[in-house]
Number of protein chains: 2
Amino acid sequence: MSIRIGIYGYGNLGRGVESAIMQSSDLTLVGIFTRRNPKTVKTVFEGIPVYHADEVESMTDKIDVMVICGGSATDLPEQTPMLAKAFNVIDSFDTHAKIPEHFERVDASAKNGGKVAVISVGWDPGMFSVNRVYADSILANGSTYTFWGKGVSQGHSDAIRRIDGVLDGKQYTIPVESALEAVRSGSAPELTTRQKHLRECFVVAKEGADKARIENEIKTMPNYFADYDTTVHFITAEELKEKHSGIPHGGFVIRSGKTGKELENTHVIEYSLKLDSNPEFTASVLVAYARAAYRLACEGQTGCKTVFDIPPAYLSPKSAEQLRHDYL
Amino acid sequence: MSIRIGIYGYGNLGRGVESAIMQSSDLTLVGIFTRRNPKTVKTVFEGIPVYHADEVESMTDKIDVMVICGGSATDLPEQTPMLAKAFNVIDSFDTHAKIPEHFERVDASAKNGGKVAVISVGWDPGMFSVNRVYADSILANGSTYTFWGKGVSQGHSDAIRRIDGVLDGKQYTIPVESALEAVRSGSAPELTTRQKHLRECFVVAKEGADKARIENEIKTMPNYFADYDTTVHFITAEELKEKHSGIPHGGFVIRSGKTGKELENTHVIEYSLKLDSNPEFTASVLVAYARAAYRLACEGQTGCKTVFDIPPAYLSPKSAEQLRHDYL
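Everything numeric here is computed off the predicted structure, so don't read it as measured data.

Undergrad: Where do I start with helix α6 (residues 177–184) of chain A in this structure?
TA: At 3.6 residues per turn, the α-helix brings residues three or four places apart onto the same side. Those residues of α6 of chain A not exposed but buried are A179, L180, V183 and R184 of chain A. For α6 of chain A, the angular spread of the buried residues around the axis is 135°, confining them to a single face. Turning to α6 of chain A, the residues buried within the fold contact β7 (142–148), β9 (166–175), α7 (193–196), β12 (249–259) and β13 (265–275) of chain A together with β13 (265–275) of chain B. One or two steps after α6 of chain A, the chain reaches G186 of chain A, where phi turns positive at roughly 85°.

Undergrad: Explanation requested: unusual backbone geometry in the structure shown.
TA: With the exception of glycine, most residues fall at negative phi, and the peptide bonds are largely trans. Here D124 of chain B and P125 of chain B are connected by a cis peptide whose omega angle stands at 5°. Here P125 of chain B is to be found in the loop between β6 (116–118) and α4 (127–138). The phi angle at L263 of chain A is positive, at roughly 55°, despite the residue not being glycine. Following the sequence through the fold, L263 of chain A ends up in the loop between β12 and β13.

Undergrad: Explain the interface of chain B and chain A to me, please; I cannot follow it from the model alone.
TA: Interfaces are often sized by the accessible area lost when the parts come together. Counting residues at the interface gives 66 residues for chain B, matched by 66 residues for chain A. Surface buried jointly by chain B and chain A totals about 5,800 Å² across both partners, of which 61% is contributed by carbon and sulfur atoms. In this structure, the connection of chain B to chain A is made through zero salt bridges. Every element with two or more residues in the side of chain B that touches chain A is listed here: α3 (99–113), α4, β13, α10 (278–298) and α11 (320–327) of chain B. Broken down by element, the side of chain B that touches chain A gets its largest block of residues, 11 residues, from β13 of chain B. Grouping the constituent residues of the side of chain B that touches chain A by class yields 32 nonpolar, 20 polar and 14 charged. Two elements, β13 of chain A and β13 of chain B, share nine bridges in a ladder whose sense is antiparallel. Paired with Y271 of chain A across the bridge in β13 of chain B is Y271 of chain B.

Undergrad: I keep staring at the packing of helix α2 (residues 75–83) of chain A against helix α3 (residues 99–113) of chain A and nothing clicks. Help me out?
TA: Angle between the axes and distance between the axes are the two parameters that describe a pair of packed helices. Residue and element names in this part refer to chain A. Put simply, α2 and α3 touch, their axes get as near as 8 Å, and they point 20° apart. Considering the angle they form, α2 stands roughly parallel to α3. Contacts between α2 and α3 involve L76, P77, T80 and P81 on the former and, on the latter, H102, R105, V106 and S109.

The rules behind the values
Residues numbered from 1 in each chain as written. Chains lettered and ligands numbered in written order. Predicted model: local features only at pLDDT ≥ 70, side-chain atom pairs only at ≥ 80, totals over all residues. Heavy atoms only, no water. Buried < 20%, exposed > 50% of the residue type's maximum accessible area, 1.4 Å probe, protein only. Helix = DSSP H or I, 4+ residues; strand = E, 2+ residues; numbered from the N terminus. Arc of directions from axis to C-beta. Contact = heavy atoms within 4.5 Å. Buried area = accessible area lost by both parts, 1.4 Å probe. Salt bridge = Lys/Arg side-chain N within 4 Å of Asp/Glu carboxyl O. Nonpolar A, V, L, I, M, F, W, Y, C, P; charged D, E, K, R; others polar. Pairing = 2+ DSSP bridges. Axes fitted to C-alpha atoms, helices over the stretch in contact; angles between N-to-C directions. Parallel < 35°, antiparallel > 145°, perpendicular 65-115°, else oblique.

See the structure below:
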């Protein structure tokens, strides 16, 4: 029996979820829900039903799990608690500081509706979080480091685009290679923000704009760039489109820790991702956890869960016997 | 309240478990059980009670989880089912082909006794297995590779020592760097056994032994060396002791997979370990899963589990709230 999935919200992430579902034989895509006029939405695959978001209430018995693909700033804080009353849901809420609050609201809704919700699914939060917990639990004496990149930061790219005189821009977050090597050596270095990541910006300026002023505004922007070594390259709109239209990302979670009577032995655990498409990989994680949410719901569980609460076996389409035989 | 742990079997692995427990504030080491004369056993830390294995039956109400530290060849197939009748248990059974059979026997015993058993805990099987399942579940279209090393293979070192004319020997398994790079590139290469790993041997020969014959016997040994590019170095007993007395190990689990409508985007997930002491790291994993076994038992669960069945949060001494706040 196929698990019936709905997609709520249809941007890059929703399109990635669509592809991931179409390529999973145990999942069926029931439909896409959008706040736009459904007739104007062109899906990646042909023949996928598109509904207006308002129609969602009539579909509660047709969907086993709803994958919510809205943004963390304003969409998910409202959508996930609302939908968790009537559907098993997954979201990728990634505002780290607000996760406890989001969890509480979604948990109350899901328990109220007798549904399962899994929040903050993706790679960070998500697979990186899982790896931080495994590594810290195994190596009790140690230090954990997370590096991001090389990849495009949407938030930093947006910040560049808001500067007067900028037509378009892309920002890459890049881990500092020497910092990575120091961490991998097991020396447990103390690293400042500046020592961990570089920021590289590709900017298309308006004709006649003051490039020196733009560069200075970027490099001194608080929170976004001021604490980093930042390089700014001015390029043409054509070059930006040709060389920087992808949305790659990735990163590293590394823990080094010590064991033995005198803590004389050092161990290094490293998890890394190299992603051609940030939203498509995030979508693939969401879809695997949608499978898990369905299984939890079938067991009669309710309420909000995170990646920490879900056994690895629940993500796989394979049976427990198969997993033990093929993967253990 | 502290979780009360026992250690059954006391070699390198048992000593590693002892240290890991002594360094975990939520765990108490109740005692060590050995088949030797307890009076002859010197523990790593002072004051640890040592009991004869026969005394274990009288300790059922004093131990929450027994960590079984025997070998996979003959100890664990007998000890784990026997002890699972009366204790929650963890073992590191690592004979891959016999895991399904071991699982069934341990499951029957544990269910019978109303206990929880977790088998095949360590890094492979163990953390590598978990990472294979996560990666395969997320990237449905792809290829997974496991590389081992650089590290000492006990089985291959033993095989060298059985050769006539050999006094002592150590064998290192080494991943082929170019194979690692090919896999990391996402090109999903087909790799033969010989293309994935090298074997490097350090051998102490008896005086007057025919080194050419020993080298040939090693390099042509079926299953162990014949399918690999193997190098043999003859060294003195002193040099072996000085430079090769450690038991480092490690390895890599890498999956590359494709997403998108036309599978046009490639992603690479890599998990790696670099371990100074193979038994101490394995011990650290066992101890984290002992914590999980205790929690499962407190929930009233019974029967045999593997790393696939256990949520990451169960390994951590921290609460669910703390984990969400600090790690998500």
